[in-house]
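# Architecture at a glance
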Amino acid sequence: MTALDLARMRDIGYPDVIDGPTSPFALSPDGRTLAFVISRGDPATNTICSALVTVPLDVRAGGRILDRGGRLPIFTGNFRGLFVTTGFPEQIEPEWSPDGRWIAYRKRVNGLVQVVRVRADGGGTEVVTHSGVDIDEFAWSASGDKIVYLARTGAVTAKREIDREGESGWRFDASVLPHQSWEPQPWVKDIPKISYTVDLASGETRKSTEAEKALVVPPSPAGYGYESVAISPAGAKAWTERVNGNPMSDQQIWASRANDARARCDHAACRGHIARLFWEADGHSLLFLAHEGWDHEETALYRWSPRTGALAKILRTLDALTGCIFSGQELICGRENATTPRRVVAIDAASGRSRVLFDPNPGFARFDLGKVQRLHFANDRRLPAWGDLILPPGYDGKHRLPLIVTLYHSRGFLRGGVGDEYPIYPLAAQGFAVLSIERPPYVGADDPALTSFEQLLTGAHRDWAERRSILSAVLKGVDKAIETGSIDPARIGITGLSDGASTVEFALVNSNRFAAAAMSSCCDDLLSSMVLGGLAWGNKNRRLGLPPSVDDDRDYWRPISLSINARRIDTPLLMQLADREALMALPAIGALTEAGKPVEMYVYPDEYHNKWQPVHRLAVYDRNIDWFDFWLREHEDPAPGKRSQYARWEELRDGRAAERHNSGEDGAG
């Protein structure tokens, strides 16, 4: 597999394995046809194409494209009360009309996300909405003659006001995120989602009634403090509750049939990491998915009868199941494992047998991916973790390999770690072993005294407890890989984005195990965490117990800060960063450069925390391969266009780059 092969992989739903409450799959009212959206990036044109596809549940028929589009909407979330765009693609959830004649979904039209409806027979597409801002959610009316949607239409007025304020200068306050832009951001609370209703016959749009709005945002079932819930057509309810006040504690399954008292499932399988609940058609039996085993590496499907208390295990697998919905006889899911990309499958609810409905990447079967071995280990807190060790295709076991560590999840198909920037199988094809690590549970996740995420994070930052826990797991995993006899302990690289990048920083400061490193975001230190991210970020970090920048508490930051430790870090470090985050890296890049250390930084335009542009993803893939090839294998790609790259890296290796910087010969003078 090459980097280009991986960059052109097709996706259905989130590219990562995520256990969210939504699904990319929609079943027709008659239960015979499945609809979903598929997407694919093309680095050659730097475009993303998408398509609405239907697949009959009868496997004798193939899939059908009903509509085509461009790139998917990018997720913008509420972070510290402000709108922050992540770069991560949103999951598109098609919805069938009640009569099954139409499928509606959100699609970018002339730069904005609108609702379109597509004839299920392939007869054409209509743009339903003409909103001046992106549409966030929608639903059909029960009669099928209207569509109700939510949009933050106040964003237009807010942007106009911010532009007006700019005429006399923007005041720097907590609404400014300087690493992204000096333009203030509107507060989420000031721009609520407004509900509108479109009459499909006339095209008229008006504000929704409360009853119509409830179609998009259903009210929570009264009287149930639940994490997830399922309600049968007959009114039976099932839900999960946390076993204590800790927001990361185990979940317990409860149920109540119509007019019955609450019943708790007391089987061990009913308490833990519960993913999804489904009532069977009779309303008497409940299906549920749970994550079990060592660090919850397995997925299990169970049937529980609240009436009799009987529990039966239907399926247990190391495969990841995502976005599952229930057809009445089968679960329709995305199913993938370390060597098999996500496919759409139907799992028989009686036997657990699985059949493939649609494979978006059939060509991947031709690749020789090498050998994948699951390694289990525990860190110094006895918290479980695991990793997938990938050995190159054709490896004969006669020599020791350089190893690349990717972070910080390893569920499902192995792409490039969190953020998908370190291409695992293309690295293996180049002669590297790769250790893809699934992080251990959070420190404090089993402490009932911690009753909020803020309390959990405060404890995690105290003496860098979370960082120490994760680094311990990484080092234990590396030791396990070395014990296989395949790994050269002198040639190990480490990589990461976000929390993974924080682990890279902590590893470079607190260990000497790594001969090269690469980061996709940066950095944790006094200025980056307390100042350069803006006042809102600094205020949040102070609430978590981090010392304010005015105290200049270098002792607190010393265990993780690259800038404070620049003189004693010798590991060659590559940073490939989004332009909206690069400011955060300047304290580290400045100190490392001044100290004459081998460091290089690239900045990608119009990018976010997760890079979305296909041309950038391929460039990141290729440069990461080149970087580790150079430092761990002493190999240079002979392509003529890369000669200047290797000339710089040779200077970094020989220490000549520091001499040029200090003399001003690199243009800095």
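So, a few notes on the structure that sits alongside this text. All of these numbers come straight from a predicted model, not from anything done at the bench.

### Here we look at the sheet that holds strand E27 (residues 354-358)
- Strand order across the open sheet formed by 4 strands is E24-E25-E26-E27, with antiparallel pairing between neighbours. Whereas interior strands pair on both sides, the edge strands pair on one side only; in this sheet they are strand E24 (320-326) and E27. Across the sheet, the mean angle separating the axes of adjacent strands is 35° when strand polarity is ignored.
- Note that E24 and strand E25 (residues 330-337) share 5 bridges and pair antiparallel. Directly across from Thr-322, in E25, lies its bridge partner Gly-334.

### Comments concerning the packing of aromatic side chains
- Per the stated rule, a full pass over the model turns up 19 aromatic pairs.
- Their ring planes at 35° and their centres at 5.7 Å tell us that Phe-413 and Tyr-425 sit as a pair that is tilted. Taken together, the residues span a long stretch of sequence, with Phe-413 in the loop between strand E30 (401-406) and helix H4 (424-429) and Tyr-425 in helix H4 at a distance of 12 residues. Comparing Phe-413 with Tyr-425, the two get one shared label, buried.
- On the numbers, 5.0 Å between centres and 85° between planes, the contact of Phe-630 with Trp-631 is edge-to-face.
- Owing to a relative accessible area of 3%, Phe-630 belongs among the buried residues under this scheme.
- Feature note: the residues Trp-627, Phe-630, Trp-631, Tyr-646 and Trp-649 constitute an aromatic cluster, connected by ring pairs.
- Here the basic side chain of Arg-262 rests over the ring of Trp-254, its NZ or CZ set 4.4 Å away from the ring centre.

### Some points on the nonpolar core
- Ranked by internal contacts, the top residues of the largest apolar core, which has 59 residues, are Val-405, Leu-562 and Met-575.
- For this core, the element with the highest residue contribution is helix H6 (residues 465-483), accounting for 8 residues.
- Within the second largest apolar cluster, 37 residues are counted, among which are Ala-338, Phe-364, Ile-625 and Trp-649.

### Notes on the sheet that holds strand E15 (residues 205-207)
- The 4 strands lie next to each other as E12-E13-E14-E15, forming an open sheet whose pairing is antiparallel. At either end of the open sheet lies a strand with only one pairing partner, and these are strand E12 (135-140) and E15. Within this sheet the neighbouring strands show an average axis-to-axis angle of 30°, counted without direction.
- Across 3 bridges, the pairing between strand E14 (residues 194-199) and E15 is antiparallel. What sits directly across from Thr-197, in E15, is Arg-206.

### Here's the deal with helix H9 (residues 535-543)
- Turning to H9, its buried residues number three or more, namely Ala-536, Gly-538 and Asn-541.
- Contact partners of the buried residues in H9: strand E7 (82-89) and helix H8 (526-532).
- Just past H9, the residue Gly-545 takes up positive phi, approximately 100°.

### Things to note about the packing of H6 against helix H7 (residues 499-510)
- It is the contact of H6 with H7, at a shortest axis distance of 10 Å, that shows an interaxial angle of 80°. For the element pair H6 / H7, the angle class is roughly perpendicular. In this structure, H6 uses Arg-467, Arg-468, Ile-470, Leu-471 and Val-474 to contact H7, whose residues at the interface are Asp-499, Ser-502, Thr-503, Phe-506, Ala-507 and Asn-510.
- Taken together, the residues that form the contact of H6 with H7 break down as 5 nonpolar, 3 polar and 3 charged.

### As for the pairing of strand E10 (residues 112-119)
- Of all 8 residues in E10, 6 are buried; the element is thus mostly enclosed.
- As judged from the 8 bridges shared by strand E9 (residues 102-109) and E10, these two strands associate in the antiparallel manner. Its bridge partner lying in E10, Ile-103 is registered against Val-118.
- A loop of 2 residues connects E9 with E10, the two strands running antiparallel in sequence, and Asn-110 in this loop sits at a positive phi of about 55°.
- Connecting E10 to the antiparallel partner strand E11 (residues 125-127) that follows it, the hairpin turn spans 5 residues, and Gly-122 within it adopts a positive phi of roughly 85°.

### What to know about the packing of helix H12 (residues 614-633) against helix H13 (residues 643-654)
- Running from amino to carboxyl end, H12 crosses H13 at an angle of 40°, the nearest separation of the two axes being 11 Å. As judged from the angle between their axes, H12 and H13 are oblique. As H12 packs across H13, the resulting crossing turns out to be right-handed. In contact with Arg-623, Asp-626, Trp-627, Phe-630 and Trp-631 of H12, H13 contributes Gln-645, Tyr-646, Trp-649, Glu-650, Leu-652 and Arg-653.
- Residue composition of the contact of H12 with H13, by class: 6 nonpolar, 1 polar and 4 charged.

### Comments concerning the side chain of Thr-240
- Locating Thr-240 in the fold gives a position in strand E17 (residues 237-242).
- One polar contact links Thr-240 to Gln-251, side chain to side chain, over a distance of 3.5 Å.

### Overview of the environment of Ala-516
- Within the secondary structure layout, Ala-516 lies in strand E33 (residues 516-519).
- Taking the relative accessible area as the measure of exposure, Ala-516 reaches 0% and is therefore buried.
- Ala-516 sits 19 residues away from Leu-535 along the chain, and the two C-alpha atoms are 34 Å apart.
- In contact with Ala-516, not counting residues within four places along its chain, are Ile-492, Gly-493, Ile-494, Thr-571, Pro-572, Trp-627, Phe-628, Trp-631 and Leu-632.

What counts as what
- The residue numbers shown here count from 1 along each chain, following its written sequence.
- At least 70 in pLDDT is required for a residue's local features to be given in this predicted model, at least 80 for side-chain atom pairs to be given and counted, and no such filter applies to totals for whole chains, interfaces and linings, which use all residues.
- With hydrogens and water set aside, each side-chain value is computed from the structure's full complement of heavy atoms.
- By definition, two strands form a pair when at least two bridges between them are found by DSSP.
- In this description a helix means any DSSP run of H or I spanning at least four residues, a strand means any run of E spanning at least two, and both kinds are numbered starting from the N terminus.
- Here an axis means a line fitted to C-alpha atoms, over the contact stretch when the element is a helix, while the angle between two N-to-C directions is reported on a 0 to 180 degree scale.
- When two rings of Phe, Tyr or Trp (its six-membered ring) have centres within 6.5 Å they constitute a pair, described as stacked for plane angles under 30 degrees, edge-to-face for angles over 60, and tilted for the intermediate range.
- Here the term buried applies to any residue with accessible area under 20% of the maximum for its type, exposed to any over 50%, and partly exposed to those in between, with areas from a 1.4 Å probe on protein chains only.
- Geometrically, a lysine NZ or arginine CZ counts as sitting over a ring once it is within 6 Å of the ring centre and also within 35 degrees of the ring normal.
- Side-chain atoms within 4.5 Å link the members of a nonpolar core, which is a set of buried Ala, Val, Leu, Ile, Met, Phe, Trp, Tyr and Cys residues.
- Here, residues are in contact when the closest pair of their heavy atoms is within 4.5 Å.
- Orientation categories follow fixed angle ranges, with anything under 35 degrees roughly parallel, anything over 145 roughly antiparallel, 65 to 115 roughly perpendicular, and all other angles oblique.
- Each residue is assigned to one class: nonpolar for Ala, Val, Leu, Ile, Met, Phe, Trp, Tyr, Cys and Pro, charged for Asp, Glu, Lys and Arg, and polar for all the others, Gly among them.
- Each crossing gets its hand from how the near helix is turned against the far one by less than a right angle, where anticlockwise is left-handed and clockwise is right-handed.
- Identification of polar contacts relies on pairs of N or O atoms within 3.5 Å, with a donor-acceptor requirement for protein atoms, meaning one able to donate a hydrogen and the other able to accept it, and with residues adjacent in sequence counted only if both atoms are side-chain atoms.

These results come straight from atomic positions and should not be treated as a statement about function.
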